[in-house]
Amino acid sequence: MTANCILERVAETKSTNDDLLARWRAGELIDPVARIAHNQTAGKGRSGRKWLAKPKDSICFSLAFPFRRGPAELSGLSLLVGLAVISGIAQACSLNEASLHSLGLRLKWPNDLLLNNTKLGGILIEGGQTKVGEPTWMVIGIGINLRNAKSFEIDLGVDAMQKVGSLDQLIPPSSSLPDKDFIWLKLIESLERYLADFDQSGFARYQHQWAHWDAYSEQHVCISGANKDPIDGITKGIDEYGALLLQQDHQTIAIHAGDVSLRVQA
């Protein structure tokens, strides 16, 4: 059990993110809370999209965490969470991070986990600060496919934006995937460690570490967002704030995380 985080397990809920956000808005959060649901019936992805979850084949949970930093000082948080998840996966599956990298685990800016260009998991961060001087509460939702990747693709059908991967594809044939609760606890332990350090030191120290896991480094991509014209260019990593650097002709521009979508150009 982790030292500083309240752990909650429920059989079913619509959305663990919404559950914790409601408590934050009601002023009921005091200590960090991690909430996992065996079955999440209305899980959320980015831009209001539904996150497909299966009780036996996926893990979906949320962590409400208070930051001393203001909302404007939390740039790079989704990228930091991706690194924490990789560390937690390594601990849970008894694999070192070098092995995970060689097996094709990567991070897609700003908030996806990929396995050999298939979608393994996603991160959704919501929250804010009710009053200046009070903690900034962020609710970090994480969904990871554990097994049976093909069944997710079948259920998604024409709505699938890309192929689906699952955590069991990282496990040697002679081994088996750890228990879901064990994976959850290792992820929470890693998140607490990374988030506490981020709150104290910021994202800059993780810039080069994230670049090591960058799925689309030096690739021609297209960035699109709500009510914005698509822009394309060559990815040149990220800056110290976690913004994506995009080279266009003779200039490099910074794209800040938000309601955006990144696609590789053919």
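Just so it is clear, the structure is predicted and the values come from calculations on it, not from any experiment.

## A few points about the confidence of the model for the protein chain
Point 1. On average, residues of the protein chain score 89 in pLDDT, and 89% of them reach the 70 mark or higher.
Point 2. For the protein chain, the element scoring lowest by mean pLDDT is strand 12 (residues 260-264), at 69; helix 6 (residues 207-212) scores highest, at 98.

## Regarding the packing of aromatic side chains
Point 1. Evaluated as defined, the whole model comprises three aromatic pairs.
Point 2. On the basis of an interplanar angle of 35° and a centroid distance of 5.6 Å, the ring pair of Tyr194 and Tyr206 is categorised as tilted. Pair noted here: Tyr194 is in helix 5 (residues 180-201) and Tyr206 is in the loop between helix 5 and helix 6, with a separation of twelve residues, a long-range link. This pair shows no difference in class: Tyr194 is buried, exactly as Tyr206 is.

## Focus on the environment of Ser175
Point 1. Note that Ser175 resides in the loop between helix 4 (149-156) and helix 5.
Point 2. Taking C-alpha positions, Ser175 is 9.6 Å from Cys93, a pair spaced 82 residues apart along the chain.

## Some details on the pattern of salt bridges
Point 1. Taken as a whole and assessed by the stated rule, the structure comprises nine salt bridges.
Point 2. Between Glu8 and Arg35 there is a salt bridge; the shortest N-O distance is 2.9 Å. Of this pair, Glu8 sits in strand 1 (residues 6-13) while Arg35 sits in strand 2 (residues 33-40); the two residues are 27 residues apart in sequence, bridging distant segments of the chain. No difference in accessibility class separates Glu8 from Arg35, as the two residues are buried.
Point 3. Residues Lys236 and Glu218 are paired through a salt bridge, measuring 2.7 Å at the closest nitrogen-oxygen approach. Of this pair, Lys236 sits in strand 9 (residues 228-238) while Glu218 is found in the loop between helix 6 and strand 8 (220-225), placing the two residues 18 residues apart along the sequence.
Point 4. Of the residues examined, Lys236 reaches a relative accessible area of 33% and is grouped as partly exposed.
Point 5. Among the ionic contacts, a cluster of salt bridges with common partners joins Glu8, Asp19, Arg23 and Arg35.

Rules and cut-offs
Residues numbered from 1 in each chain as written. Predicted model: local features only at pLDDT ≥ 70, side-chain atom pairs only at ≥ 80, totals over all residues. Heavy atoms only, no water. pLDDT = per-residue confidence, 0-100. Helix = DSSP H or I, 4+ residues; strand = E, 2+ residues; numbered from the N terminus. Phe/Tyr/Trp six-rings, centres within 6.5 Å; stacked < 30°, edge-to-face > 60°. Buried < 20%, exposed > 50% of the residue type's maximum accessible area, 1.4 Å probe, protein only. Salt bridge = Lys/Arg side-chain N within 4 Å of Asp/Glu carboxyl O.

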